[in-house]
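Structural overview for review
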Amino acid sequence: MTKWAVLSPPTLFLLAFFLAPALIMVLASFQYPGEFGGLAPLTDPGDGKEFGLTLENHAFFFSDWLFAEIFARSFAVAAASTLICLLLAYPVAWLIAQSPRRHRDLLVLLVILPFASNFLIRVYAWMILLGPQAALARTLNGVLAALGLEPVSLLFSPCAVLVGMVYVHLPFMILPLYTNLEKHDPVLLDAAQDLGANAWRRFWGVTWPLSLPGVFSGSALVFIPVLGMFAIPDLLGGTRDMLIGNLIKDQFLGVRDWPFGAALSIMLTLAVLSLAGAAAWLSKPKARAA
Amino acid sequence: MPLLEIRRVTRRFGDFTAVDDVSFAVEPGEFFTLLGPSGCGKTTLLRMIAGFDLPDAGQILLDGRDLADTPAERRPVHTVFQNFALFPHLSVARNVAFPLRMAGLGEGEVKRRTADALDMVHLGELAEHYPHEISGGQKQRVALARGLVNRPRLLLLDEPLGALDLKLREEMQLELIKLQREVGITFVFVTHAQNEALALSHRIAVMNAGRVEQLDEPSRIYGFPVNRFVADFIGNCNLLEAEVRAVEADGLRLSVAGLGEVRAPAAEGCQTGERGLLALRPEQVQVAAEADPAWANRFPGQVRDFLYVGDVTTYQVRLDNGYTLQALLPNAAPGRARFHETGDRVMVGWSAQAGHYVREA
Amino acid sequence: MRRLPTWLLLAAASSYAFLYLPLIIVVAYSFNDSRLNAEWVGFTLDWYRVLLHDEEMLLAARNSLLIALVSSGAATLLGTLAGLGMHRWRPAWLPLLVITPVAMPEILLGVSLLVFFIQVLHLTLGFLSVVLAHITFSIGFVAIVVRARLAGMDESIFEAARDLGATPWQTFRLVTFPLILPAVVAGFLMAFTLSLDDFVITFFTAGVGVSTLPLQIYSMIKIAVTPEVNAVSTLLMLLTLVLVIAASRMDKGFMRGAG
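Residues numbered from 1 in each chain as written. Chains lettered and ligands numbered in written order. Predicted model: local features only at pLDDT ≥ 70, side-chain atom pairs only at ≥ 80, totals over all residues. Heavy atoms only, no water.

1. Details of the overall build of chain C
- If you tally the helices and strands in chain C, you get twelve helices and zero strands.
- Shown N-terminal to C-terminal, the secondary structure of chain C runs as helices and strands in the order α-α-α-α-α-α-α-α-α-α-α-α.
- On the principal axes, the C-alpha backbone points of chain C span a range of 70 × 65 × 30 Å.
- For chain C, the residues scored as buried account for 58% of the 259 residues in total.
- Nonlocal contacts in chain C, meaning residues at least 24 apart in sequence, comprise 71% of its contacts between residues at least 6 apart. (Helix = DSSP H or I, 4+ residues; strand = E, 2+ residues; numbered from the N terminus. Buried < 20%, exposed > 50% of the residue type's maximum accessible area, 1.4 Å probe, protein only. Contact = heavy atoms within 4.5 Å.)

2. Re the nonpolar core
- Counting residues in each nonpolar core, the largest one holds 155 residues, and the members touching the most others are I96, F119 and I232 of chain A together with I107 and F199 of chain C.
- Looking at this core element by element, the count peaks at 15 residues for helix α3 (residues 65-98) of chain A.
- Ignoring any residue separated from it by four or fewer positions in sequence, one finds I232 of chain A in contact with F119, V123, V161, G164, M165, V168 and G237 of chain A.
- Membership of the second largest hydrophobic core comes to 52 residues, among which are M48 and I49 of chain B together with V142 and F158 of chain C. (Core = buried A, V, L, I, M, F, W, Y, C linked by side-chain atoms within 4.5 Å.)

3. Notes on the interface of chain A and chain C
- Tallying the contact residues gives 80 residues for chain A and 83 residues for chain C.
- Between chain A and chain C lies a buried interface of about 7,400 Å² when both sides are counted; carbon and sulfur atoms form 81% of it.
- For the chain A face of the interface with chain C, the top three residues by lost area are F17, F18 and Y124 of chain A, together amounting to 9%.
- Summed over the shared surface of chain A and chain C, the result is zero salt bridges.
- At the surface where chain A touches chain C, the tally comes to seven residue pairs in polar contact (both at pLDDT 80 or more).
- It is helix α1 (residues 2-28) of chain A that provides the largest number of residues to the side of chain A that touches chain C, a total of 20 residues.
- Taken together, the residues of the side of chain A that touches chain C break down into 59 nonpolar, 13 polar and eight charged. (Buried area = accessible area lost by both parts, 1.4 Å probe. Salt bridge = Lys/Arg side-chain N within 4 Å of Asp/Glu carboxyl O. Polar contact = N/O pair within 3.5 Å; in protein donor to acceptor, adjacent residues only side chain to side chain. Nonpolar A, V, L, I, M, F, W, Y, C, P; charged D, E, K, R; others polar.)

4. Some details on the arrangement of the chains
- By number of contacts, the leading pair among the two pairs of chains in contact is chains A and C.
- For chain A and chain B, which are not in contact, the least C-alpha distance works out to 16 Å.

5. Some words on the confidence of the model for chain C
Residues and elements named next belong to chain C.
- Averaged over every residue, the pLDDT of chain C is 87; the share at 70 or more is 95%.
- Below pLDDT 50 for its whole length, residues 255-259 participates in twelve contacts with residues either more than four positions away or in separate chains.
- Taken over the whole predicted complex, pTM reads 0.82, whereas the ipTM for its chain interfaces reads 0.88. (pLDDT = per-residue confidence, 0-100.)

6. Points about the pairing of strand β13 (residues 260-264) of chain B
All names here are of chain B.
- Pairing between strand β12 (residues 251-256) and β13: five bridges, direction antiparallel. Bridge pairing in β13 links L252 to A264.
- Between β12 and the antiparallel strand that follows it, β13, lie three residues; G258 among them carries a positive phi value of about 80°. (Pairing = 2+ DSSP bridges.)

7. Points about the environment of M57 of chain C
Residues and elements named next belong to chain C.
- Take M57: it is sitting in helix α3 (residues 55-89).
- For the pair formed by M57 and L215, sequence separation is 158 residues and the distance between their alpha carbons is 9.9 Å.
- Not counting the four nearest positions on each side in its chain, M57 is found in contact with L51, L213, Q216, M220, E228 and V232.

8. Section: a nonpolar patch on the surface
- A cluster of nonpolar side chains, contributed by V26, L27, F30, L42, L53 and L55 of chain A, occupies part of the molecular surface with about 520 Å² of accessible area.
- With respect to the secondary-structure elements, F30 of chain A resides in the loop between α1 and α2 (56-63). (Patch = residues over 30% accessible without salt bridge, like charges linked within 9 Å, V, L, I, M, F, W, Y side chains within 5 Å. Areas by Shrake-Rupley, 256 points an atom, 1.4 Å probe, with all protein chains shown as cover.)

9. Overview of the interface of chain B and chain C
- Contacts between the two partners involve 20 residues from chain B, matched on the other side by 18 residues from chain C.
- Carbon and sulfur atoms supply 63% of the area buried between chain B and chain C, which totals about 1,700 Å² over both sides.
- For the pair chain B and chain C, the interface holds two salt bridges.
- Here E73 of chain B and R162 of chain C are joined by a salt bridge, their closest N and O atoms 2.7 Å apart.
- Summed over the shared surface of chain B and chain C, the result is seven residue pairs in polar contact (both at pLDDT 80 or more).
- Elements supplying a minimum of two residues to the side of chain B that touches chain C: α1 (42-50), β6 (77-80) and α2 (92-102) of chain B.
- Here the side of chain B that touches chain C is built from residues that sort into 13 nonpolar, four polar and three charged.

10. Considering the pattern of salt bridges
Residue and element names in this part refer to chain B.
- Under the counting rule described, the total for this entry stands at 27 salt bridges over all chains.
- Ionic pairing is found between E5 and R7, a salt bridge with its closest N-O pair at 3.3 Å.
- Overall, R7 belongs to the partly exposed group, its relative accessible area being 36%.
- Note that R253 and E248 form a salt bridge whose closest N and O atoms lie 2.5 Å from each other.
- E248 gets classed as partly exposed once you look at its relative accessible area, which sits at 29%.
- A network of salt bridges, in which partner residues are shared, links E109, R112, R113 and D116.

11. Considering the sheet that holds strand β5 (residues 65-66) of chain B
All names here are of chain B.
- Read across the sheet, four strands follow the order β2-β1-β4-β5 without closing on themselves; strand pairing throughout is antiparallel. A strand with exactly one partner marks an edge of an open sheet, and here the two such strands are β2 (16-26) and β5.
- For strand β1 (residues 4-13) and strand β4 (residues 57-62), the ladder comprises five bridges, and the chain directions are antiparallel. The residue bridging L4 from the neighbouring strand is L62, located in β4.
- Its contacts with the sheet place α1 against β1, β2 and β4, and it is angled at close to 120° to β1. (Axes fitted to C-alpha atoms, helices over the stretch in contact; angles between N-to-C directions.)

12. Things to note about the side chain of T240 of chain C
- Looking at the element boundaries, T240 of chain C is found in helix α11 (residues 227-250).
- If we skip the residues at most four places from it in the chain, T240 of chain C touches A116 and S117 of chain A together with T193 and D197 of chain C.

13. Thoughts on the packing of helix α5 (residues 119-130) of chain A against helix α7 (residues 158-182) of chain A
All names here are of chain A.
- Packing of α5 against α7 leaves a shortest axis separation of 10 Å and a crossing angle of 140°. Judged by the angle between their axes, α5 and α7 are oblique. When you trace α5 past α7, the crossing you get is right-handed. Contacts between α5 and α7 involve F119, R122, V123, W126 and L130 from the first element and A160, V163, Y167 and V168 from the second. (Parallel < 35°, antiparallel > 145°, perpendicular 65-115°, else oblique. Left-handed = near helix turned anticlockwise from the far one by under 90°.)

14. Some details on helix α1 (residues 6-29) of chain C
- Helix length check: α1 of chain C, at 24 residues, gives a terminal C-alpha distance of 33 Å against a target of 34 Å (1.5 Å per residue), a fit within 8%.
- Taken as a whole, α1 of chain C carries its principal kink of about 30° at Y20 of chain C; the proline P22 of chain C stands between one and four residues after it.
- Residues L8, A12, S15, Y16, F18, L19, P22, L23, V26 and Y29 of chain C constitute the buried set of α1 of chain C.
- Structurally, α1 of chain C contributes buried residues whose contacts are with α3, α4 (101-116), α5 and α7 of chain A together with α2 (46-52) and α11 of chain C. (Expected span 1.5 Å × (residues − 1). Bend = angle between axes of the 7 residues up to and from the residue.)

15. Things to note about the side chain of Q140 of chain B
- Within the secondary structure layout, Q140 of chain B lies in helix α4 (residues 136-148).
- The residues contacting Q140 of chain B, other than those within four sequence positions of it, are V80, F84, P160, L161, L164 and M172 of chain B.

16. Considering the packing of α7 of chain A against α1 of chain C
- Axis separation between α7 of chain A and α1 of chain C bottoms out at 10 Å; the angle between their running directions is 120°. By the angle between their axes, α7 of chain A is oblique relative to α1 of chain C. Judged by the sense of rotation from one axis to the other, the crossing of α7 of chain A with α1 of chain C is left-handed. In this structure, α7 of chain A contributes V166, Y167 and L170 of chain A to the contact, and α1 of chain C contributes F18, L19, P22 and L23 of chain C.
- Within the contact of α7 of chain A with α1 of chain C, the residues separate by chemical class into seven nonpolar, no polar and no charged.

17. Comments concerning the pairing of strand β10 (residues 211-216) of chain B
- Strand direction decides the pairing type here: strand β9 (residues 203-208) of chain B and β10 of chain B, joined by five bridges, are antiparallel. Among the inter-strand pairings, A205 of chain B is bridged to a residue of β10 of chain B, identified as L215 of chain B.

18. Things to note about unusual backbone geometry
- Here the phi dihedral of A85 of chain B falls at roughly 50°; this positive angle occurs in a residue that is not glycine.
- For A85 of chain B, the location among the structural elements is in the loop between β6 and α2.

See the structure below:
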């Protein structure tokens, strides 16, 4: 009795507002678009217009290389962002884990604070920093002009998109890495040193393999949101930097082809689920031991 | 009428039988101990008495009433948990007052009895402290005061000394005995530490693999173990395979393979020709350069090893037939750590009254 | 304690600088007496004055606070129940239902709710649709924080309460609830912050009916970079700063929950 009184409110709410919409999306991806946006009816309205289910939306995706290219570009951006985040995050996570216990909470809070500020503000900060009037662009273009080269734009470029992605998602890499590194027993490193391992081999032989679960969960936390991001390419990228997120957004709010947008969303969902599954599998210690 | 009666209780978890057809009774005012290795079912049994778990078969009766339909909060039984389980958000006084408040007593009564209970365990000054501010021994006392404050019919103690260090544990043992005598409440105590059980209990039930192997007073459990498990589990014991040659008025004549005839005290129900074990405590075995004429049993051997632990030294003596016996010699004379060196030829012996013949089923 | 190599300290320090420098510039330029975010000219509070007279911005701020309050209140209730339920009965389906909306790219939840609200519920997008959407993604955060708190507690204290005569309801009221309260409050503050900050899901579920601060900021920076955005950003950062510090003070598990 108590059990259902506790479990049913959140369960029913999420069934209604998470699972039902997700299933509707699957259905929508097999429907025809409505005449003025939205979806065409499932049963014959009797006016000679399209109705029912179709595979056209999925076929459309494979009809044009452009879409495959956008997917590939999104994965590339996500992979690059994840790698850069890992390189930047590891020293920070390591430093926090090695700090005296009383400093750790403060250092962690310092990582969380910028991430708590609105993400548009964080993107906006880079619009200022990379903007044509900012010191960075003017210095660079001054040097280029002196060399007799054309000025370049830092903003609205693939690089700007990458910087934005890394900046927004960096804490997602630092926190799980730190949580993992904090648990390492420092005696292991002493033992490795005692047994003749130098700093380099202590890292690759002890710390790195033990930190892999943290690396995988951090990577999933960066890779997955980057894959679906549309605001950063919108604000920092040029017209040629469109990613999956932008494509989906356009289907719903721009060209209003909901069924195609739904088909794209389902493909993105499948990609994310398989990535999350892989990360979960890799994070399990027994998977690595095998 | 016994206070608590366990009647043919069985509890299974899947294929595993944690408690297997156990029956016993606990008398009012008794300090009763369930002793056994981890996984023997003693904690499962305790949880069923407390009401956190229910038997698959059998009955648990308190004052002759079946407890099956009484939930934990309505049983006049309290538990002292292994890790004390003090409420971290309540002060010491409020922890102790908790059962009184649950019983719906008036504020004045709650105050008075809480203060009394805290005085009983000498914690009056710490009343307003919080659990994380006090030591392990003090937590233990708070848990005891909380369990006793509204005078339950029965107090269950689940390895309550396990979390304390050795010195403190010995202190608390004495305090537990004193406390139980003062309040007169029946204690059912669970432990895997045999010395604790021997020191504290009026009676002990030795459990193994879900069954009670032996139920008796501590001195009888130690002196007259009924089977190999009990002999082995309680204290150190030399166990010699033996065959009964003759049952005589003054004792038994046993034949021990390779050793020849050994004389042992009489054992109840013992028949000529049956096989069993001779259980011999290390402190019953003597070691000397020359055999003592008082030893009814004497055998030559060689000292293989010894372990000096201060008050006593344990010798490992290998008999010529290949048996290794343990012997315990007190170091009563100061400054003298050992009587024999490794490799010494010695005589080993014990009297006809030493040892105990254990029938093997 | 090992000594850390200098290069590692430098690498970590530059990562921290990378995190903070851009934000410091946003704050600094909000006090800059220049239309361009290019170089320091002089100190002014003009941009805050402009902000205070920007009716649309004020309305958006009011909407944001109201939506955050309602949605985080509801999410705290539902998320606390979910956290308690997951800990107590460990149903296999609930973690999936609770965590997945948090783990998926936000755009997926945004577009599916958009389709659901319009196509199935025939709801006009606005205040209600945004609140429902925000509850959906906040439940998971509250549930994770509450469950982490419960997981860190010694199970036997709940048995001790029953043992000492408390009914299940008394056990909840006198032991469980006081012990999880810091996590519940931290969860509430977290849900409030998330709602206040959310852009992507709001973007899809707000329609033309309602505007929030992030939507307002987005439409402004999409058109042009003006110091007024710096001013509103600074104020918003100040607010979330207070909320996050409050939440982390409430519950140590909060930081782990956030990661």
